[in-house]
Amino acid sequence: MPSRILKTRAVVLRTRRMGETSKLVTLYSEDEGKFKATAKGARKPKSKFGGALELMTEVQVVCYLRDERDLQTLSDCDALRSFPALLTDLERLSFGSAACELIDRLTVERDPNRRLYRCLSGVLVGLEEVEPAQVEPLFWYFQLRAAEALGYRPELGYCTSCREVLAGEWLWFSAPMGGGLCARCGPAAGGIRVAGNSLRLLAGLQALTAYRPEAMPPAPARRGEIRSMLRGFLECHGGQYSHLKSLDFLESTATK
Ligand SMILES: [Zn+2]
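The rules behind each value
Numbering of residues starts from 1 in each chain and follows the order in which that chain's sequence is written. Only residues with pLDDT of 70 or above have their local features reported here, since the model is predicted, and side-chain atom pairs are shown and tallied only from 80 upward, although totals for entire chains, interfaces and linings are computed over all residues. With hydrogens and water stripped out, all remaining heavy atoms of the structure feed into the side-chain values. An automatic or database domain assignment is the source of the domain bounds shown. Two residues qualify as a contact provided that any one of their heavy atoms is within 4.5 Å of a heavy atom in the partner residue. Note on definitions: buried area is the accessible-area loss of two parts on being combined, 1.4 Å probe, summed for both. The donor set comprises N, O and S atoms within 2.8 Å of the metal, extended to 3.2 Å for Na, K and Ca; water molecules are omitted, so apparent gaps in a site may simply reflect that omission. For a four-donor site, all angles between 85 and 135 degrees give tetrahedral; for four or six donors, opposite pairs above 155 degrees with the remaining angles between 65 and 115 give square planar or octahedral; all remaining cases count as irregular. Under the scheme used here, helices are H or I runs from DSSP no shorter than 4 residues and strands are E runs no shorter than 2 residues, and both carry numbers assigned from the N terminus. Following DSSP output, two strands are said to pair if at least two bridges run between them. Axis geometry follows a simple rule: fit a line to the C-alpha atoms, using only the stretch in contact for helices, then measure angles between N-to-C directions, giving values from 0 to 180 degrees. Cavities and pockets are defined on a 1 Å grid built over the protein atoms alone: a cavity is a set of grid points where a 1.4 Å probe fits but cannot escape, while a pocket is an open set with protein on both sides within 12 Å along at least five of seven lines, and lining residues are those with an atom within 4 Å of any such point. Grid points are joined across faces, edges and corners, and a volume is the space filled by probe spheres set on the points. Geometry of aromatic contacts follows a simple scheme: Phe, Tyr and Trp rings, the Trp one being its six-membered ring, pair when their centres are within 6.5 Å, and the pair is stacked under 30 degrees between planes, edge-to-face over 60, tilted otherwise. Residue exposure (1.4 Å probe, protein chains only): buried if accessible area is under 20% of the type maximum, exposed if over 50%, otherwise partly exposed. Think of it as three bins: nonpolar holds Ala, Val, Leu, Ile, Met, Phe, Trp, Tyr, Cys and Pro, charged holds Asp, Glu, Lys and Arg, and polar takes everything else, Gly as well.

## Considerations on the domain arrangement of the chain
Partitioning the chain into structural domains gives domain 1 (3-81) and domain 2 (88-253). Placing the centre of domain 1 and that of domain 2 at their C-alpha centroids yields a distance of 29 Å. Contacts between the two partners involve 27 residues from domain 1, matched on the other side by 20 residues from domain 2. Carbon and sulfur atoms supply 54% of the area buried between domain 1 and domain 2, which totals about 1900 Å² over both sides. Ranking the residues of domain 1 by area buried against domain 2 places Tyr28, Lys34 and Met56 at the top, with a combined share of 39%.

Okay, structure coming up:
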């Protein structure tokens, strides 16, 4: 029965109660990718896990990894970073939860991707510090970066059909075609018609080499079509990806 000790950083993607005193957690770890583990006694008042195993917390975990098992057992866990500002602001909380949900849905277990891990821990840090108007653009930046880390980068600078530079007031976007289309190719490709500025805003975010709070633009008026492009793209290329429940609240209240 092969087993080894895994010591790694991880973000808590999901938690649920297990039995009287334990927790079942889904972690996205730097070294092992996603895995599920039980934390025995984690809900007892004097548990060695303390309050570390909460949604969105970045932790250092130790566990005995058994390759033949789907469910691992945590032997130790320390909180490295928690994000208190996310818990007191509904919009930031929704996007932080959505980032965790998205990583959970886009990944399979035990398939490490350090770049994706950095995207996730980075967006949680960013959600704490950006200005309110930049919260959603930061989430768009995260979606673009996550898609790239998973190997399916949307083309936003050139028409995916004729390779012309994407300029003009109105453009098109087709998830199956892999990105933007010019006004001539778009209608035949069956994508959605979007403002050129919406597509160019995403292209600008994609071109950023690193996250910097001051580089995040404020959210524009036409955010509905930007959401549709990103959601459609990830649904199309992410396989098992589906509706992000965490965003339902925002979508029902925010201006389109
Ligand atoms: Zn074209």
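## Points about the coordination of the zinc ion
Each pair of donors in an ideal four-coordinate tetrahedral metal site encloses 109.5 degrees, whereas pairs in an ideal six-coordinate octahedral site enclose 90 or 180 degrees. Around the zinc ion, the protein contributes the donor atoms Cys159 (SG), Cys162 (SG), Cys182 (SG) and Cys185 (SG), at 2.3 Å from the metal centre. Around the zinc ion sit four donor atoms; with metal-centred angles ranging over 99 to 117 degrees, the donor geometry is tetrahedral. Sequence positions of the donors to the zinc ion reduce to the motif C-x2-C-x19-C-x2-C. Of this pair, Cys162 sits in the loop between helix H4 (135-149) and strand S6 (170-174) while Cys182 sits in the loop between strand S7 (179-181) and helix H5 (186-189), and the two are 20 residues apart along the sequence.

## Examining the sheet that holds S7
Strand order in the open sheet made by the three strands is S7-S6-S8, with antiparallel pairing throughout. Of all strands in the sheet, those bounded by a partner on one side alone are S7 and strand S8 (192-195). Averaged over all neighbouring strand pairs, the angle between strand axes comes to 45 degrees, with direction disregarded. Here S6 pairs with S7 via three bridges, running antiparallel. By the bridge assignment for S7, Ser174 is matched with Gly179. Here helix H7 (residues 223-237) sits on the sheet in contact with S6 and S8, set at roughly 135 degrees to S8.

## Digging into empty space enclosed by the protein
Inspection of every chain in the model, using the stated rule, returns two cavities of 30 Å³ or more. Approximately 90 Å³ is the volume attributed to the largest cavity. Around the largest cavity sit ten residues that line it, and Glu136, Phe139, Arg227, Leu247 and Glu251 are the ones nearest its centre. Secondary-structure elements contributing two or more residues to the lining of the largest cavity are H4, H7 and helix H8 (248-253). Here the element with the most residues in the lining of the largest cavity is H4; it accounts for four residues.

## Focus: the packing of aromatic side chains
With the rule as written, the count across this model stands at five aromatic pairs. Consider the rings of Tyr28 and Tyr117, whose centres lie 6.4 Å apart with planes at 20 degrees: the pair is stacked. Here Tyr28 is found in strand S2 (residues 22-29), whereas its partner Tyr117 is found in helix H3 (residues 114-129), with 89 residues between them in sequence. Of the residues examined, Tyr28 reaches a relative accessible area of 0% and is grouped as buried. Relative to Phe233, the ring of Tyr152 lies with its centre 6.4 Å away and its plane at 50 degrees, an arrangement referred to as tilted. One end of the pair, Tyr152, is in the loop between H4 and S6; the other, Phe233, is in helix H7, and 81 residues separate them in sequence. Take Tyr152 and Phe233: they sit in the same class, and that class is buried. Among the aromatic side chains, those forming a connected cluster through ring pairs are Phe95, Phe139 and Phe142.

## A word on the layout of surface pockets
One way to see where empty space is left: roll a probe the size of a water molecule over the atoms. For the largest pocket, the calculated volume is near 240 Å³. Forming the walls of the largest pocket are Arg115, Arg118, Cys119, Gly122, Val123, Leu138, Tyr141, Phe142, Arg145, Thr209, Ala210 and Tyr211. Those elements giving two or more residues to the lining of the largest pocket turn out to be H3 and H4. The element that contributes the greatest number of residues to the lining of the largest pocket is H3, accounting for five residues. Residue composition of the lining of the largest pocket, grouped by class: seven nonpolar, two polar and three charged.

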